Structure formats: structure tokens, C-alpha cells
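In case you want the letters, here they are:
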Amino acid sequence: MLITFEGIDGAGKSTQIKKLVTTLSDQGRDVLTLREPGGTEVAEKIRMILLESRHAISPIGELLLFSASRAELVQEVVMPALADGKTVILDRFFDSTTAYQGYGRGLDLEMLRSIIEISTCGIVPDITFYLDIPPEEALKRKFSAKSIPLEFDSDELDRMERSGAEFYHNVRQGYLEIMRLNSKRFVSINALEHPALIHRQITALLKQRFES
Ligand SMILES: Nc1ncnc2c1ncn2[C@@H]1O[C@H](COP(=O)(O)OP(=O)(O)OP(=O)(O)O)[C@@H](O)[C@H]1O
Ligand SMILES: [Mg+2]
């Protein structure tokens with residue numbers, strides 16, 4: 001089974017994935033967690049360029065780097081793990097490309113669809129949890145976690161995060177549209193709730209969908 005988590009930076013994806021791994025492992029499932037971009041040696045190097053660098057990267061260049069990282073992850077790790085019967089949890093997958101490079105950077109959505117199809121070998125998650133949060137709240141969380149003053153061009157932010165407030169509003173609108181178009185696969189979660197409550201909602205939903 002393939003479970004993915006989506007949402008803007010600071011929505012709480014990593015927090016929820018950590019909790020879910022514990023719960024599913026306790027139930028005796030063989031769980032593998034991976035993050036995008038990353039997850040293989042080559043993909044982690046691409047991650048460094050995309051997130052931890054100060055390079056200016058064109059929207060198309062950015063798209064292809066994310067897609068290259070994804071292709072490595074899917075072929076080297078995700079497909080073999082799914083074939084082994086593992087439960088794979090991905091911290092971001094191709095919906096992030098549609099939201100960030102499509103709705104955020106303004107790239108053509110049809111073109112994105114073709115590149116996504118190629119880079120994922122056509123794999124689609126069984127379920128996607130979308131953690132919805134206003135960008136201002138998400139940013140506040142990240143800054144308060146690091147105890148630093150809130151500035152949009154702070155060195156503490158990664159390359160994507162420095163894209164600014166308007167970009168993040170567009171990305172969020174993008175996610176809401178993607179969700180509307182994929183309502184069977186998506187589950188929307190109010191990310192402002194308490195982490196423990198969100199976790200209970202997620203486990204209840206998984207139980208309801210996949211154990212009945
Ligand atoms: N439901 C919540 N309520 C309040 N704070 C939260 C909640 N969930 C997570 N946080 C806090 O918000 C911050 C960001 O959470 P987290 O790292 O899980 O987000 P993320 O979606 O993985 O972000 P990124 O995309 O940057 O990796 C952390 O400091 C975390 O402790
Ligand atoms: Mg995270």
C-alpha cells in the first residue's frame with residue numbers, strides 16, 4: 001500500500017508520519033518511510049541542489065530536478081518495496097509538483113501531467129492525506145520551532161520557502177483544486193488541530209478504508 005502526505009511547508013507532515021509509522025509498526029506492518037526529494041543517494045544530492053542551495057534555478061530546471069529525483073526513488077526503492085508487500089509512506093509525491101511547480105510557479109498543467117507519468121512509472125497513491133493550513137500559520141510554526149524572528153528571506157529558510165507569501169497562497173489554492181479533482185484518493189485534514197487529534201483521524205480513516 002502507498003500512503004502519501006501533502007501540504008505546504010510546516011503543515012505537520014513529518015510530525016504525522018512519525019506518529020503513523022509507530023502505530024502501523026505496532027500493528028505488525030512492515031513500513032517504509034521516504035521523503036521527496038530524496039530517498040536514494042542520487043536523489044539526496046538533487047535535494048541538496050533544490051533546497052539547500054542559493055542557486056537561482058529556472059522553473060523548468062526545478063521541475064526536471066524534482067522529477068529526476070522522483071524517478072530514482074520510484075524505480076530504486078518504491079516499486080521494489082511495494083512488490084515486497086510493504087506499506088510505503090511518502091512525505092510528498094507528485095501532487096507536490098502539481099501544486100508547487102504548476103500552481104506556484106505557473107508551469108503548464110498538461111505538460112506536468114506527462115512528466116509526472118514518466119517519472120512515477122504511472123504509480124498512484126492508494127490514499128493521500130492533505131494537511132491544510134494557511135501559509136502564515138505554517139510559517140509561524142517553522143519560525144517558532146527555531147526561535148528566530150519571522151522574515152521571508154531568512155537564511156534559516158530553504159530555497160523553496162524563500163519563494164514568499166504569494167507563492168505559498170497559490171500553492172495552497174493549487175492543493176485545494178487538486179483535491180477537488182481527486183476527491184476519491186484525497187483526505188483533507190485541518191492541520192490546525194492538535195497533532196494527537198489529527199493522528200487519530202488519520203488512523204481511523206485508514207482503518208475504515210482498508211480494513212473493511
Ligand atoms: N498540529 C500541530 N499543531 C501545532 N504545531 C504543530 C502541529 N503539527 C506540527 N507542528 C509543529 O510545526 C512545525 C512543522 O511541523 P512539521 O515539520 O511536521 O511540518 P512539515 O509539513 O513536515 O514541514 P516541511 O514541509 O517543512 O518538512 C514543527 O515544529 C512541529 O512540531
Ligand atoms: Mg517535513
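For the structure itself, consult the block above.
The shown structure was predicted, so the numbers you read here are calculated from the model rather than taken from an experiment.

The rules behind these values
Residues numbered from 1 in each chain as written. Chains lettered and ligands numbered in written order. Predicted model: local features only at pLDDT ≥ 70, side-chain atom pairs only at ≥ 80, totals over all residues. Heavy atoms only, no water. Core = buried A, V, L, I, M, F, W, Y, C linked by side-chain atoms within 4.5 Å. Buried < 20%, exposed > 50% of the residue type's maximum accessible area, 1.4 Å probe, protein only. Helix = DSSP H or I, 4+ residues; strand = E, 2+ residues; numbered from the N terminus. Contact = heavy atoms within 4.5 Å. Pairing = 2+ DSSP bridges. Axes fitted to C-alpha atoms, helices over the stretch in contact; angles between N-to-C directions. Parallel < 35°, antiparallel > 145°, perpendicular 65-115°, else oblique. Nonpolar A, V, L, I, M, F, W, Y, C, P; charged D, E, K, R; others polar.

S.K.: Looking at this structure, how should I read the nonpolar core?
M.R.: Generally speaking, soluble globular proteins have nonpolar side chains that are buried together. Formed by 37 residues in total, the largest nonpolar core has its most connected members in Ile3, Phe5, Tyr100 and Phe129. Those elements that provide at least two residues to this core are β1 (2–6), α1 (13–26), α2 (41–51), α4 (94–104), β4 (127–132), α7 (165–181), β5 (186–190) and α8 (195–210). With residues near it in sequence (within four places) discarded, isoleucine 3 still touches Leu20, Leu24, Thr87, Val88, Ile89, Leu90, Ile127, Phe129 and Leu206. The next biggest cluster of nonpolar side chains, apart from the first, holds 13 residues, and it includes Leu73, Val77, Val88 and Ile123.

S.K.: In this structure, what is going on with the sheet that holds β1? I would like to understand it.
M.R.: Backbone-to-backbone hydrogen bonds join strands into a sheet, with any given pair of strands oriented parallel or antiparallel. In space, the five strands of this open sheet follow the order β2-β3-β1-β4-β5, with parallel pairing throughout. Where the open sheet ends on each side, the last strands, each with one partner, are β2 (31–35) and β5. The average undirected angle you get between the axes of adjacent strands in this sheet is 20 degrees. Note that β1 and strand β3 (residues 87–91) share four bridges and pair parallel. Bridge pairing in β3 places leucine 2 opposite valine 88.

S.K.: Sorry if this is basic, but what is going on with the packing of helix α3 (residues 59–83) against α4 here?
M.R.: Relative placement of two packed helices is described by the angle separating their axes and the distance separating the axes. Contact geometry for α3 and α4: axes closest at 11 Å, N-to-C directions at 175 degrees. If you check the angle between α3 and α4, you find them roughly antiparallel. Here Glu62, Leu63, Phe66 and Arg70 of α3 lie close against α4, whose contacting residues are Phe94, Thr97 and Gln101. Each residue belonging to the contact of α3 with α4 can be placed in one class, and the counts come to three nonpolar, two polar and two charged.

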